[in-house]
Amino acid sequence: QVQVAPTSVTLVTIGQTVTLQAAALFATGDTASSVAVEWQSQNASIVSASQDGRITARGEGQTQVVARAGTASALVQVRVQAAVASVTVTPSSLNLIVGDERTLTAVARDANGNTLARTPQWSSSNALVATIDPNGRVRAAGGGQATISAAVEGRTGTASVNVTVPPPPSVRILSILQAGTSIPAPLTNVSGAIDIVTEVSFPSGTGMSWRVMIGTAQACSQSFTGGTGTQQLTCTVNTTAYPNGATTITAGVTDAYGSASSGPVSIIINN
C-alpha cells in the first residue's frame, strides 16, 4: 500500500507550491524504502505535480493527486480556492452628464496578481447622483458626486463619478426680414412672406426641438438629434395665412434638461 501525508490540502493562491509526502509500505506495515513513488495530477489545469511530490496551484477548482507505487496507490484531495487580495474597478473615474450611461468592470486578483473569476456586488454611495445595476452599468441620475464600489469576498474596489447638469437651452429672435432678403420687415405693417431669424443654443445635445409661434398658432417647428452649441434657425412664414391685425411672434426651444422662450415681438399684419 501507499501512505500519503497530508491526505487533503487547500491552496489559496495561484502558483502556491506544497510538497506532499508518500511512502510505500509492505503488507507488514514496514516502509519499502527501495520502492519509488510516482506522482500524477488528475487535472493539470488545477494543480500540477512533480515527481518529488511538489504540487503547484494552476487554477481554481478541485482535483486529486495520485501517489502510485507499483500496483498500489493513494489519493490526495486538492482544492485550489484563491483568496481575493484586491479588486480593481475600470475606469477608476467617470465624468458624466445627467442621463449618461457607462459600464464599469471589476477584476478580482489574488496575492500574486492572478485574475480570479468572481462576481462583484455593486453599490453606489449616492443613488440620487449615480445608480448602478448588477452588471456594472452606471446611470447618471442627478448633479453631484458619488462613489461606486465593487465588493468581492471582503475586498472592495471603487470608482468616482462626477455628474453635471447641463444648462437649459436658450432662444432669441434676431430679426424679422422680408423673405429672401436682408431688409427688415416693417413691424407695424407686415405683409406677404417674412423670415423670422432666431438664435438657439442647445448645451445638452439631447431631445432638442425648436418652434416659432405667431399668436397662438405654430408657424414652424423642428426636432434635432445630436450636436450642441449655438446656431441660427429661420422660419419663413406667409403672413397671408394669418388674420390681419396686432399679434406677437415668439420662439421656443426644449431639450432633455429644460425649455425656454424668447420675449414676444409685437407686429401688425396688414395684407
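Relevant structure appears above.
Now for a look at the structure at hand. (Residues numbered from 1 in each chain as written. Predicted model: local features only at pLDDT ≥ 70, side-chain atom pairs only at ≥ 80, totals over all residues. Heavy atoms only, no water.)

A short note on the side chain of T13
Here T13 is to be found in the loop between β2 (8–11) and β3 (17–19). If sequence neighbours within four positions are ignored, T13 has contacts with A57, A82, D110, A111 and N112. (Helix = DSSP H or I, 4+ residues; strand = E, 2+ residues; numbered from the N terminus. Contact = heavy atoms within 4.5 Å.)

Looking at the state of the cysteines
In the structure shown here, the tally under the stated rule is one disulfide. The disulfide partner of C220 is C235, and the S-S distance across this bridge is 1.9 Å. Here C220 and C235 share a disulfide; its torsion about the S-S bond, 80°, makes the bridge right-handed. Of this pair, C220 sits in strand β23 (residues 217–224) while C235 sits in strand β24 (residues 229–238), placing them 15 residues apart in sequence. Overall, the relative accessible area of 0% leaves C235 in the buried class. (Disulfide = S-S within 2.5 Å. Buried < 20%, exposed > 50% of the residue type's maximum accessible area, 1.4 Å probe, protein only.)

Describing the packing of aromatic side chains
Per the stated rule, a full pass over the model turns up one aromatic pair. Between F202 and F224, the aromatic rings sit 5.6 Å apart at their centres with planes inclined by 45°, giving tilted as the arrangement. On the criterion of sequence distance, the pair formed by F202 in strand β21 (residues 193–202) and F224 in strand β23 is long-range, its members being 22 residues apart. With a relative accessible area of 0%, F202 lands in the buried category. On the basis of relative accessible area, F224 is assigned to the buried category, the value being 15%. (Phe/Tyr/Trp six-rings, centres within 6.5 Å; stacked < 30°, edge-to-face > 60°.)

Things to note about unusual backbone geometry
Here the bond from A5 into P6 is cis, since omega is -5°, no more than 30 degrees from zero. Structurally, P6 can be placed in the loop between β1 (2–5) and β2. Backbone geometry at E153 places phi at a positive 50°, although glycine is not the residue there. Relative to the assigned elements, E153 resides in the loop between β18 (144–152) and β19 (155–164).

Structural notes on the pattern of salt bridges
Opposite charge on two side chains permits pairing when their charged atoms draw close. Enumeration according to the criterion identifies six salt bridges in this entry. R118 serves as the salt-bridge partner of E60, at 2.7 Å between the closest nitrogen and oxygen. Of this pair, E60 sits in the loop between β7 (54–57) and β8 (61–69) while R118 sits in the loop between β14 (115–116) and β15 (121–124), and the two are 58 residues apart along the sequence. A salt bridge links E153 to R118, with the nearest nitrogen and oxygen atoms 2.7 Å apart. (Salt bridge = Lys/Arg side-chain N within 4 Å of Asp/Glu carboxyl O.)

Here we look at the pairing of strand β10 (residues 86–90)
Burial along β10 is one-sided: the face carrying V87 and V89 is buried and the face carrying S86, T88 and T90 is not. Bridging between β10 and strand β13 (residues 105–109) involves five bridges; their strand directions are antiparallel. Each residue of the ladder has a partner; that of V89, found in β13, is A106. (Pairing = 2+ DSSP bridges.)

Purely geometric stuff here, so don't read any function into it on its own.
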